[in-house]
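Each chain, written out:
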Amino acid sequence: MSRGAVMGSLRASSVLKHAFLLLGAIVMAFPFYWMVTTSFKSFVEAQSYPPTFLPSVWHFENWIEAWNFPNTRWARSFANTIFVATTVTLGTIVSAVLAAYAFARMSFRGRTALFSLFLLTIFIPNEATLIPNFVLMSRRYLGWYDTYTAQIVPFLASVFSIFLLRQFFLGIPKELQEAARLDGAGHLRFLWSVALPLVRPALVTVALINFLASWNSFLWPLLVTSSPDIRPIQVALLPFSNEAGTQYHLLMAGASFVILPTVAVYLVAQRYFIEGVARSGIRG
Amino acid sequence: MRQLFALSFAAALVIAACGPGGPGDQGAPAKDTEADITLSAPVQAVIWHNQTGASAKNFEDMVAAFNSSNGKGITIKPEVQGNYTQIYQKMLGAIQAGAMPDGVVAVENQVADYAKAGVIVNIDQYIESKKNGLSKESLADIYKPYIDSNRYPQYENKILSFPFIKSLEVNMVNDDLLKELGFTAHPKTWDDFEKMARAAKRVGPDGKVTRWGWAGMGTEAFLAQVLTRGGKILNADGTVGWGGKEGLEALKLYQRCIEEAFCYVPTGFDWQDRFGEGNLLFATGTSTGRPFIRAAFKRPISWSIFGMPTAGGPAQTIQFGGVIAITKSTPERQLAVWEFLKWFTDTAQTAKWSIISGYMPTRASALQDSALKTHWAGPDVQGKQAFDLVPTSAAGPSIRGWQEVRDAIFEALQKVQTKKATPEDALSVAVTKANNVLKENR
Amino acid sequence: MAAGVLAGDDARSAQRRRRILVEHIEAYLFVFPAVLLVGVFDVLPSLAAFAMSLTRWGVIYERFVGLDNYRAILDPAGTRFAEFANALGVTVWYVLLTVPVEMGIALAVAFVLYQGTVGRGMYRAVYFMPYITSVVAAALVFEWIFNANFGFLNWALAFVGVGAQDWLREPSGVFQMLASAMGIQLPAALAGPSLALVAVSIFTVWHFIGFQTVIFLAGLTNISREYYEAARIDGAGGWQIFRRITLPLLSPSIFFVFIIATIGAMRAFSQIFVLTNGGPLDTTRTVSMLIFRTFFERTSSNGIGLGAAMSFILVLIVVAITALQFRIAGRKVFYG
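Residues numbered from 1 in each chain as written. Chains lettered and ligands numbered in written order. Predicted model: local features only at pLDDT ≥ 70, side-chain atom pairs only at ≥ 80, totals over all residues.

What to know about the overall build of chain A
- Tallying secondary structure elements over chain A gives 14 helices and two strands in all.
- Over its C-alpha atoms chain A spans a radius of gyration of 25 Å, topping by over 25% the 19 Å that the globule rule assigns to 284 residues.
- The principal-axis extents of the C-alpha atoms in chain A amount to approximately 80 × 75 × 30 Å.
- Counting the 284 residues in chain A, one finds 45% classified as buried.
- Taking the intrachain contacts of chain A between residues at least 6 apart in sequence as the baseline, contacts between residues at least 24 apart amount to 75%. (Helix = DSSP H or I, 4+ residues; strand = E, 2+ residues; numbered from the N terminus. Rg over C-alpha atoms; globule rule 2.2 N^0.38 Å. Buried ≥ 20, exposed ≤ 12 C-beta atoms within 10 Å, placed from the backbone. Contact = placed C-beta atoms within 7 Å.)

Describing the overall build of chain C
- When you go through chain C residue by residue, the secondary structure sums to 13 helices and two strands.
- Taken along its principal axes, the extent of the C-alpha atoms in chain C is 100 × 75 × 35 Å.
- Restricting to contacts in chain C with at least 6 residues of sequence separation, those with at least 24 account for 68%.

Observations regarding the confidence of the model for chain C
All names here are of chain C.
- For chain C, the average pLDDT comes to 87, and 96% of its residues sit at 70 or higher.
- At the level of individual helices and strands, chain C shows its lowest average pLDDT in helix α9 (residues 225–233), which scores 82, and its highest in helix α2 (residues 68–74), which scores 94.
- With a pTM of 0.86, the predicted complex shows an ipTM of 0.84. (pLDDT = per-residue confidence, 0-100.)

Describing the interface of chain B and chain C
- In this complex, chain B contributes 30 residues to the contact, which on the side of chain C involves 26 residues.
- Mapped onto the side of chain B that touches chain C, the elements with two or more residues apiece are α1 (2–18), α4 (84–97), α5 (108–117), α19 (402–417) and α20 (423–440) of chain B.
- Examining the composition of the side of chain B that touches chain C, we find that six residues originate from one element, α1 of chain B, more than from any other.
- For the side of chain B that touches chain C, the class distribution of residues is 12 nonpolar, nine polar and nine charged. (Nonpolar A, V, L, I, M, F, W, Y, C, P; charged D, E, K, R; others polar.)

Section: the interface of chain A and chain C
- With 69 residues of chain A at the contact, the number on the chain C side is 72 residues.
- No other element matches helix α14 (residues 248–283) of chain A, which puts 16 residues into the side of chain A that touches chain C.

Re the packing of helix α4 (residues 120–128) of chain C against helix α8 (residues 195–221) of chain C
All names here are of chain C.
- It is the contact of α4 with α8, at a shortest axis distance of 7 Å, that shows an interaxial angle of 140 degrees. It follows from the interaxial angle that α4 and α8 lie oblique. Taking contact as the criterion, the partners of R124, Y127 and F128 in α4 are, on α8, I209, G210, T213, V214 and L217. (Axes fitted to C-alpha atoms, helices over the stretch in contact; angles between N-to-C directions. Parallel < 35°, antiparallel > 145°, perpendicular 65-115°, else oblique.)

Describing the pairing of strand β9 (residues 280–286) of chain B
Residues and elements named next belong to chain B.
- Among the seven residues of β9, seven are classified as buried, and the element is accordingly described as predominantly covered.
- Looking at chain direction, strand β6 (residues 162–174) and β9 are connected through five bridges and run antiparallel. Each bridged residue has a counterpart across the sheet, and for N171 the counterpart in β9 is T284.
- Sheet topology note: the strand β8 (residues 209–215)/β9 ladder contains three bridges and is parallel. Looking at the pairing, W214 lines up with F282 of β9. (Pairing = 2+ DSSP bridges.)

Thoughts on the packing of helix α16 (residues 347–357) of chain B against helix α17 (residues 370–377) of chain B
Residues and elements named next belong to chain B.
- Here α16 crosses α17 at 30 degrees, and the two axes come no closer than 9 Å. In terms of orientation, α16 and α17 fall into the roughly parallel class. Once α16 is placed against α17, the crossing between them reads as left-handed. Listed contacts from α17 to A351, S354 and I355 of α16 are A371, L372 and H375.
- When the residues that make up the contact of α16 with α17 are grouped by side-chain class, the tally is four nonpolar, two polar and no charged. (Left-handed = near helix turned anticlockwise from the far one by under 90°.)

Details of helix α10 (residues 190–200) of chain B
Residue and element names in this part refer to chain B.
- Every buried residue belonging to α10 is among W190, F193, M196, A197 and A200, and all of these are buried. Buried residues of α10, viewed axially, fall in a sector of 125 degrees; they line one side.
- Here the buried face of α10 lies against α9 (175–180), β8, α12 (245–259) and β9. (Arc of directions from axis to C-beta.)

Some details on the nonpolar core
- Of all hydrophobic cores here, the largest spans 300 residues; its most connected members are A99, L165 and A255 of chain A, L281 and A325 of chain B together with A34 and A199 of chain C.
- If you tally residues by element for this core, the top one is α8 of chain C, at 17 residues.
- When neighbours within four sequence positions are excluded, A99 of chain A is seen to be in contact with I162 of chain A together with F30, V31 and A34 of chain C.
- Core analysis: the second largest hydrophobic core is formed by five residues, A351, I355, L372 and W376 of chain B among them. (Core = buried A, V, L, I, M, F, W, Y, C linked by C-beta atoms within 7 Å.)

A short note on the pairing of β8 of chain B
Residues and elements named next belong to chain B.
- Where strand β7 (residues 202–203) lies against β8, two bridges are found, and the strand directions are antiparallel. If you follow R202 over to β8, its bridge partner there is R211.
- Count of turn residues in the β7/β8 antiparallel hairpin: five residues, of which G207 carries a positive phi of about 85 degrees.

A look at the confidence of the model for chain A
- Looking at chain A, the pLDDT average stands at 84 and 91% of residues meet or exceed 70.
- Looking at the elements of chain A, mean pLDDT is at its lowest for strand β1 (residues 241–242) of chain A, recorded as 59, and at its highest for helix α7 (residues 148–152) of chain A, recorded as 95.

As for the environment of G307 of chain B
Residues and elements named next belong to chain B.
- Topologically, G307 is positioned in the loop between β10 (303–306) and β11 (317–326).
- A residue is classified by how many C-beta atoms lie within 10 Å of it, and G307, with 22 of them, is buried.
- With 131 residues separating them along the chain, G307 and L438 place their C-alpha atoms 30 Å apart.
- Not counting the four nearest positions on each side in its chain, G307 is found in contact with A315, T317 and L389.

Quick notes on unusual backbone geometry
- Despite not being glycine, D146 of chain A shows a phi value in the positive range, around 60 degrees.
- Looking at the secondary structure, you find D146 of chain A in the loop between α6 (126–137) and α7.
- Residue classification places D146 of chain A among the partly exposed positions, given that 18 C-beta atoms sit within 10 Å.
- Notably, D282 of chain C is not glycine yet its phi reads approximately 65 degrees, a positive angle.

Next up, the structure:
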């Protein structure tokens, strides 16, 4: 084979590769494009066929109308969601790091039994525990109905996060721990100054997964809250349809409000996100 | 062993804790005094409702007007909790948890469930109360079908809820198109209806249908057809009454409509757009869709609302919509919700609400309201056309399990629409399912 | 002397005992927050749900019925067997339609990206983006794209000659649809999953592919170049290298993704809830969807008792399948 032919086939395969990746990327990104452009169309144009790629008239006021839609308080809902998701994320990290470390690096009676019990809870469908959990929130027990507490505290422990972090703690060489002990460092010191920096990618993953789960949770906040003042953004999408018709263009504007902030944060910090997730999979 | 003990203990604990009381808890009639009290201190009551968008705003404005004018120290706090299903789901949790609102918007079969749980009050006592009730004339002024749908046959025909928002299953017609097709009047029989709908079909050069005769064969439309063909919704023995030839004829009409492609199969509310483009002759659906239809007009179209055609039965249609039930709380809060319901359904308010929301007024005297008269004479002629159908309307039965019966009907319609079954097979499966459900809930 | 040794032993063992005690106390303090939270909000409600599964519980608790609910669901003559069996079938199809497809595409994309391409970071970012969006909101957008009468998908497919489909409401099996397009009539048993289930699966694949791609990509990056060079010197071809080196060394990542994706698919809820809500004709009613409907829409017909029983049957099935995956596939995983 001549050098030119090799280069040619290389170039051809590279073109093919790009075509494949580009097509995939378009498919992945298209729904975002469709959501945003539809949100600027008129009520009639949003439902016309053939569909239009760009609004024939840009109705920027749709966003204002959706933002001021009766019974939605977007600004307040955003603040609520940010507050709840941040608190849940921080709390989960603390509880998960401590438990995962103990399960991985400390020996105590009942460790295996406890860990197995934890793992078992992953398999219980959420729908099954919805009603008992709701009862728990009532005045008779915790009295958390219609509070931030009800949206936060039940999610401060995540078995999946504990599982993930434990895998990472298991991977830290025993010698490091021995050396630390000879230096007189206890578990807490070792955890803080040696173990945590080593598992930073896993921490990022755990933070990301819990933050997204909290940001995106819908059914639970719908059930345990009733005042609009403490409701999160997912629930704010509710008022956009009723029994006689749906205002799709406004619904798409609302969906944009919900989706675009996460996309923006993601685009800024995507390197950390992806790297964190990537490393979590290596160990399995 | 120890774990087993702990488990059964926890189980016993939960069962003991969750049940707020046995069934039939509400059997004993409340003392007369409960409805006859006088409010001596300010009282606040929460109502969970389903009004969204502009309607929510309007409803809240009305509530604010009540709060500032009732003179009894009552403050009603309205809270939007999603649609009927979502409110029901929240109520299920709230019943187990004992965290209910004071008033709740529901459809009748959901109210029957709440009654089974023993968490709602008997409204008869409030209606009849000497001090706080309704006068005979006032009660008679409310349309009978609207009161009747709130009587619960599984609970001694007691009134356990009160009308809140009322809609009707109606037919909408593009009169311009009807005239263009050479017809001079709205169809009186289902045969005429079918003939006109078939004539409206138009096929484009590529073989695709571009204009349709009819859209909107849903559960309510099916039941309305059964009535107007001389059938019944429920038999006296508690089994479903739509399983005979009337139901079959309705399904067969739908089948022809699908096979000959003069039916438009909507994916949501998009039939409103086809109607607004002038490409749909008839649509069957809720009378409350009027503003959405007008919003979809691309050019002015003259259209009207008319009642169901008939074939051997009376001219009747189905009415449906939300009612409000009052939960057991304190006599003061219960009375507060009742006072609000009384006010909200009174002539001036029901007329005003009808204008701003598009729902049907609950009283005959609302017709005398000058603002409503003007509204119906001008911008909303179709509202009056729908309203004229109220006296001959009937509600679906107010019994437990009715939602599952509706699901069974919907499934039969879907089978016919997607050609998965013949009308005969689809109907017989639905009847068996529905009767099983009704038996389980008797 | 001997006494001295013994005394020293005593002292040492006492010291050891104390150290063990301290370690225990410390460990219990470490796990305490998690144990308390998981105990109260996961374990306790699960026990309660199990207790509910032994009762007749409509809108409120009615009576204890032992295993009657399980019998109604599992006994072929039982009243709820047919719908549960249907839901299981739908769930199996859903897993088959999503997990292998996701993994196959993700592996291919990861492999191409790994070979070094201009704009690799950008591609990776775009493919990962759906994963971070809200399932509820994104599914609302897809509902729009799938719409039969004015959706984008039908419009786009018209250019390649595919007729308009009612994506989210077509209960016909896809095999049957393909066959009848070629003029063959298939027996009902071979009809395959409904078009609606395929549509829901398309959304699921879109949403989760990025997550898997990123994990595979990291796994590939982690494989030492030396293996490839050695293989190339031995004269191995591209496909051989992929089969004999890449796949085995990537197997931990593949296994991880396989387990996570399977559990996720068996418990999927939100996307189906928004897109089809179990319809048309129950062809997308997975076990999760059936449980939800039994609990919250069929409540008055003993919904809470039956729903809880269904949940625990699902738990047993998922645990069994996961254990099976660990036994069969787990053995083939190569941990360098």
